[in-house]
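What follows is the residue order along each chain.
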Amino acid sequence: MIDFDGLYALHARDVFRFALSLSGNRAMAEDIVSETFVRVWSARDRVDLTTVIGYLMTIARHLYLEQVRGDHGQQVLGCDWEDATPGPHTLAEGRAELAAVLTDLQALAEPDRAALLMRAQDQMPYEEIAAALRIGVGAAKVKVHRARRKLAELRMNREVRLS
């Protein structure tokens, strides 16, 4: 039997970060987390705890895609991010960089963004990423590599424009 409180305490932050990174919207991310854990609870007899993080991320991603399709595609990137860095100058720089990175993330194709976030943010093995996205392990590695390369290219282009 699954310990729901323990599962939620262990993985809710990761699922929230993933959903927030996908959607760029705090309220949507909170809804996705809630619905993800409701679905896990209703399927608790079939949950394999050894791969539960991949299962949670897969559910969260599908919920995000359902909402995007329901909203007819484009999500607006919100600016409801909090940065705890002290000092107004550092705070402003951090917010600007975060907004730029989130904007760059939104420029990636959704499967590439999901693969990158699963790997970079949640340290998921490529095998679990491949299973979550229903692609081969090689394709998962390529998606992560291309997404990283695209983000680096977008950042360099932004820095060139600013200089």
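Computed from a predicted structure; not experimentally measured. (Residues numbered from 1 in each chain as written. Predicted model: local features only at pLDDT ≥ 70, side-chain atom pairs only at ≥ 80, totals over all residues. Heavy atoms only, no water.)

**Q** How should the overall build of the protein chain be read in this particular structure?
**A** Of the regular secondary structure elements, the protein chain holds seven helices and zero strands. Reading the protein chain from its N end, one meets helices and strands in the order α-α-α-α-α-α-α. In the protein chain, 66% of the contacts between residues at least 6 apart in sequence involve partners at least 24 apart. A total of about 9600 Å² of accessible surface is found on the protein chain, and carbon and sulfur atoms cover 55% of it. (Helix = DSSP H or I, 4+ residues; strand = E, 2+ residues; numbered from the N terminus. Contact = heavy atoms within 4.5 Å. Areas by Shrake-Rupley, 256 points an atom, 1.4 Å probe, with all protein chains shown as cover.)

**Q** Would you mind going over the packing of aromatic side chains with me for this structure?
**A** Here the distance between the centres and the angle between the planes together describe a pair of aromatic rings. For the coordinates displayed, the defined rule picks out four aromatic pairs. Between Phe-4 and Phe-37, the ring centres sit 6.1 Å apart and the planes meet at 85 degrees, which makes this aromatic pair edge-to-face. Placement of the pair is Phe-4 in helix H1 (residues 4-23) and Phe-37 in helix H2 (residues 26-42), with a sequence separation of 33 residues. The buried category is assigned to Phe-37, whose relative accessible area is 3%. Through successive ring pairs, a cluster of aromatic residues spans Phe-4, Tyr-8, Phe-37 and Trp-41. (Phe/Tyr/Trp six-rings, centres within 6.5 Å; stacked < 30°, edge-to-face > 60°. Buried < 20%, exposed > 50% of the residue type's maximum accessible area, 1.4 Å probe, protein only.)

**Q** Mind showing me how you'd approach the pattern of salt bridges here?
**A** Pairing is possible between side chains that carry opposite charge, provided their charged atoms lie close to one another. A full pass over the atoms with the stated rule returns 11 salt bridges. Across the salt bridge formed by Glu-97 and Arg-158, the nearest N and O atoms sit 4.0 Å from each other. Here Glu-97, found in helix H4 (residues 88-107), pairs with Arg-158, found in helix H7 (residues 137-162); they are 61 residues apart in sequence, far enough to count as distant. Through salt bridges with shared partners, a single network forms among Glu-97, Asp-104, Arg-155, Arg-158 and Glu-159. (Salt bridge = Lys/Arg side-chain N within 4 Å of Asp/Glu carboxyl O.)

**Q** Is there a simple way to explain the packing of helix H5 (residues 110-120) against helix H6 (residues 126-133) in this structure?
**A** The description of two helices packed together rests on the angle between their axes and the distance between the axes. Contact pair H5 / H6: the axes reach a minimum separation of 10 Å and the direction vectors enclose 145 degrees. Crossing of H5 against H6: the hand is right-handed. Packed against H5, whose contacting residues are Pro-111, Ala-114, Ala-115, Met-118 and Arg-119, the element H6 presents Tyr-126, Ile-129, Ala-132 and Leu-133 at the interface. In the contact of H5 with H6, the residues fall into eight nonpolar, no polar and one charged. (Axes fitted to C-alpha atoms, helices over the stretch in contact; angles between N-to-C directions. Left-handed = near helix turned anticlockwise from the far one by under 90°. Nonpolar A, V, L, I, M, F, W, Y, C, P; charged D, E, K, R; others polar.)

**Q** I'm lost on H7 in this one. Help?
**A** For an α-helix, 3.6 residues make a turn, and residues three or four places apart therefore share a direction. Compared with the 38 Å implied by 1.5 Å per residue over 26 residues, the 38 Å span of H7 between its first and last C-alpha is a close match. Within the sequence span of H7, burial applies to Ala-140, Val-144, Ala-147, Leu-151, Leu-154 and Arg-158. (Expected span 1.5 Å × (residues − 1).)

**Q** Help me out: how do you make sense of the nonpolar core in this one?
**A** Nonpolar side chains in soluble globular proteins tend to end up buried together. Among the nonpolar cores identified, the biggest contains 43 residues, and Phe-18, Met-118 and Ile-129 are the most heavily contacted of them. Those elements giving two or more residues to this core turn out to be H1, H2, helix H3 (52-70), H4, H5, H6 and H7. Setting aside residues up to four positions removed in sequence, Met-118 forms contacts with Phe-18, Arg-61, Gln-123, Met-124, Ile-129, Ala-132 and Leu-133. (Core = buried A, V, L, I, M, F, W, Y, C linked by side-chain atoms within 4.5 Å.)

**Q** Hey, could you run me through the side chain of Glu-110 in this one?
**A** With respect to the helices, strands and loops of the structure, Glu-110 is situated in helix H5. Those residues in contact with Glu-110 that lie beyond four places of it in its chain are Leu-22, Arg-61, Tyr-64 and Leu-65.

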